[in-house]
Amino acid sequence: MTLEGKVALVTGSTSGIGLGIARSLAGAGASIMMNGFGNADDIERVRAQLAEEHGGHVAFDDADLSRREEVNRLVVETIDVLGSVDVLVNNAGIQFVAPIEEFPDDRWEAIIGLNLSAAFYSMKAAIPAMKANGWGRIINVASAHGLVASPNKIAYVAAKHGIVGATKVAALELADHGVTVNAICPGWVLTPLVEGQLLDRAEQSGTTVEVEMERLLAEKQPMSKFTTPESIGAMAVFLCGDEAETITGAAISIDGGWTAQ
Ligand code: NAD
């Protein structure tokens, strides 16, 4: 399966799942626009390595996607620098954990802003180019929390359920334009986003990260192992292929059985 000649914009691809998806799409031949935060030297090292390993174009833009105008600028920049935006992966996301009555208003707004609104703005900006080309793939990284809830994650669960709904609307609107729109719903993936939660849990309960890792998996997943960014990347590549041309509007679980219960 080759994505040669295609351009993929992967938001939040300096780390974790987004980086896994960017690697897989680059491996399949796509040119990549990376985005996200982090140490500039580390990001440049990864960007250069991806470009060298796969012989394609890999660009980076540090757009802050909590700001609407930056989302629009990132899409325009991708088209300017790499020629088009054929694959859009909305992956950038943040988390905050607290009961509703203690949940800070600014965390609610930040999570809804990045995990949900940024995906709306990027789809809105990218869809005209995809329609004009008669081909496109939009992949929204949702979560098991797009399908079921957990306590203390009001903003995250609301945003992830929202992105699953937005995925379905976009799929319907684009059904006859050669553009598919799907959500990937991972269970636990060991990334900085989850490592932060493990550290907090270990601190609060006086245990270790290793103990909390086992507990975290046991609480939610029948399968006591993490999903890897590589597996999610492979799923993204599959969704971009011709074989997946009629998969649209789907929320695809990759969650060790989490949502089967
Ligand atoms: P991560 O913290 O490793 O990566 C998040 C990425 O988003 C980073 O590249 C970061 O720089 C970027 N980012 C953060 N704020 C940004 C902003 N304002 N503008 C642009 N980029 C920004 O987290 P991850 O676990 O890889 O999460 C990626 C996605 O996967 C998120 O949407 C998350 O909700 C989802 N997800 C994660 C898990 C998990 O277990 N890790 C499970 C299900 C879904």
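Being a predicted model, the structure only gives us computed values, none of them experimental. (Residues numbered from 1 in each chain as written. Predicted model: local features only at pLDDT ≥ 70, side-chain atom pairs only at ≥ 80, totals over all residues. Heavy atoms only, no water.)

Of all the six residues making up strand E5 (residues 136-141), six are buried; the element is thus mostly covered by neighbouring parts of the structure. Residues Gly 136, Ile 138 and Asn 140 point to one face of E5 and Arg 137, Ile 139 and Val 141 to the other, with burial holding for every one of them. Across four bridges, the pairing between strand E4 (residues 87-90) and E5 is parallel. In the sheet register, Val 89 faces E5, and the bridge partner there is Ile 139. Once you follow E4 into helix H4 (residues 105-133) and on to E5, the crossover reads as right-handed. Note: E5 against strand E6 (residues 179-186), six bridges, orientation parallel. Bridged to Val 141 within E6 is Ile 184. Following the chain from E5 across helix H5 (residues 154-173) to the adjacent parallel E6, one finds a crossover that is right-handed. (Buried < 20%, exposed > 50% of the residue type's maximum accessible area, 1.4 Å probe, protein only. Helix = DSSP H or I, 4+ residues; strand = E, 2+ residues; numbered from the N terminus. Pairing = 2+ DSSP bridges. Right-handed = clockwise from strand over helix to strand, strands pointing away.)

With that out of the way, let us pick up the environment of Ala 59. With respect to the helices and strands, the residue Ala 59 is situated in strand E3 (residues 58-61). Spatially, the C-alpha atom of Ala 59 lies 26 Å from that of Val 189, the residues being 130 residues apart in sequence.

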